[in-house]
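Topology and contacts: notes
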Amino acid sequence: MILITGATSGIGKASAELLARNHKNLFLVGRRGERLEKIKTELEKKHPISVEISELDVSSKQEVEDFAKKHSTQLQQVEALINNAGLAMGRDLIHEGKTDDWDKMIDVNLKGLLYVTHEVLPFFVKKKSGHVVNVGSVAGRWIYPRGNIYCATKAAVAALTQSLRQDLLGTGIRVTEISPGMVETEFSLVRFSGDETKAKAIYEGMKPLSAQDIAEAIVWCLMRPAHVNIQEVVIYPTQQASTSLVHRNSNS
Ligand code: NDP
Ligand code: 8X3
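Thresholds, definitions, all that
- Residues numbered from 1 in each chain as written.
- Chains lettered and ligands numbered in written order.
- Predicted model: local features only at pLDDT ≥ 70, side-chain atom pairs only at ≥ 80, totals over all residues.
- Heavy atoms only, no water.
- Near = heavy atom within 4 Å.
- Polar contact = N/O pair within 3.5 Å; in protein donor to acceptor, adjacent residues only side chain to side chain.
- Areas by Shrake-Rupley, 256 points an atom, 1.4 Å probe, with all protein chains shown as cover.
- 1 Å grid on protein atoms, 1.4 Å probe; cavity = no way out; pocket = protein on both sides within 12 Å on 5 of 7 lines; lining within 4 Å.
- Sits in = over half its atoms within 2 Å of the grid points.
- Buried < 20%, exposed > 50% of the residue type's maximum accessible area, 1.4 Å probe, protein only.
- Helix = DSSP H or I, 4+ residues; strand = E, 2+ residues; numbered from the N terminus.
- Pairing = 2+ DSSP bridges.
- Right-handed = clockwise from strand over helix to strand, strands pointing away.
- Salt bridge = Lys/Arg side-chain N within 4 Å of Asp/Glu carboxyl O.
- Core = buried A, V, L, I, M, F, W, Y, C linked by side-chain atoms within 4.5 Å.
- Contact = heavy atoms within 4.5 Å.
- Points joined across faces, edges and corners; volume = space filled by probe spheres on them.
- Nonpolar A, V, L, I, M, F, W, Y, C, P; charged D, E, K, R; others polar.

**A look at the site of ligand 1**
Near ligand 1 you find 28 residues, and of these T8, S9, R31, Y150 and T185 are the closest. Taking N84, its main chain carries an N or O atom lying 2.8 Å from an oxygen atom of ligand 1. Taking 880 Å² as the accessible area of ligand 1 by itself, protein coverage stands at 96%. More than half of the atoms of ligand 1 fall within 2 Å of the grid points belonging to the largest pocket.

So this is what it looks like as structure tokens:
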């Protein structure tokens, strides 16, 4: 069974779909329960797998602890955790930033990842196997103007991924970081508080990555033999050379 956080949309949902096609049982979590129900119904109808779902806000320590207590039997069966839930809020200059946005990004991208990992790792250590895949970002490696807190959370994800690998050395547990560039999902819509015009403008005149592109990389990492750990995967669209360097078609 593979546990995916933030499975209601984008990269998390695409990973669930691809893993289902590979006949993997799934445990999908996210805050939007209706979407989880729909994804479960569709995947179980199409594939010979079972899909567990649970509404979960990963940024709530209490909710994550309650989730782990309630589902301890299922968590024992988890072979891989995909820490995908995450978001950016705003694109303000740092001196104009909103501290509520900062809190949200730190709470979800950083603390949420830690809370969920903390509940799953003891089972992995006990069985001497397991795979943690953290969805970081190129934003954590190449900081860009107005990226500030989002970049900082993703830099922290990169640091924590390394820490996990070091602390877990010898346990048989694999730890991978996937760092995508621009992927067209609900990410920009969330970042700009539902402003579709602003969200669309981000990808204007260029072909971004799709959630499916990233899901394929995640699944490839998961499917390597147990002695192979893909430590880091950095994936950009062809029209993006760095976080600040994007080629846009001239007619756009
Ligand atoms: P989406 O907005 O499409 O998906 C984000 C997912 O995270 C949703 O399923 C959402 O579910 C979930 N999520 C958000 N907050 C919480 C929370 N508090 N608790 C549980 N789940 C939560 O964006 P992407 O698919 O693009 O983003 C997935 C990951 O990829 C993120 O970590 C993002 O930072 C990273 N990334 C994205 C890039 C991009 O350009 N799109 C590039 C690089 C990295 P729900 O709202 O139902 O809770
Ligand atoms: C998302 C990619 O460049 O919008 O992590 O920060 S970017």
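That shown, we press on.
**Some words on the pairing of strand β4 (residues 80-83)**
Residues of β4 alternate between two faces, with A80 and I82 on one and L81 and N83 on the opposite face, all of them buried. Two elements, strand β1 (residues 2-5) and β4, share three bridges in a ladder whose sense is parallel. Counted as the bridge partner of I2 is A80 from β4. Sheet topology places β4 next to strand β5 (residues 130-135); four bridges connect them, and they run parallel. Pairing of N83 across the sheet is with N134, part of β5. Assessed by its sense of winding, the connection that carries the chain from β4 through helix α5 (residues 99-127) to β5 is right-handed.

**Observations concerning the pattern of salt bridges**
Scanning the entire structure with this criterion turns up 10 salt bridges. Between D92 and K98 there is a salt bridge whose closest N-O contact spans 3.2 Å. Using a relative accessible area of 22% as the deciding quantity, one classes D92 as partly exposed. Between R141 and E177 there is a salt bridge whose closest N-O contact spans 2.9 Å. You can see R141 sitting in the loop between β5 and α6 (148-167) and its partner E177 sitting in strand β6 (residues 173-180), a full 36 residues away along the chain. The buried category is assigned to E177, whose relative accessible area is 2%.

**Focus: the nonpolar core**
I4, L26, L28, L43, I82 and I218 are the most contacted members of the largest nonpolar core, which has 34 residues in total. Taken together, the elements giving at least two residues each to this core come down to β1, α1 (10-21), β2 (26-30), α2 (33-46), β4, β5, α9 (211-223) and β7 (232-235). No other element matches α9, which puts eight residues into this core. In this view, L43 contacts A16, E17, A20, L26, L28, I49 and V51; residues no more than four positions away in its chain are not counted. In this structure, L3, V58, V132 and V175 belong to the second largest nonpolar core, which totals 24 residues.

**A closer look at the side chain of K154**
Looking at where K154 falls in the secondary structure, it is placed in helix α6. The residues touching K154, leaving out its near neighbours within four places in the chain, are N109, V135, G136, S137, A139 and G140.

**What about the layout of surface pockets?**
The computed volume of the largest pocket comes to approximately 1100 Å³. Lining the largest pocket are 48 residues, with G86, L87, Y150, T185 and F187 positioned closest to its centre. For the lining of the largest pocket, the secondary structure elements donating two or more residues are α1, β2, α5, α6 and α7 (187-191). Among the residues making up the lining of the largest pocket, the classes are represented as 23 nonpolar, 16 polar and nine charged.

Remember, this is a structural readout, not a statement about activity or role.
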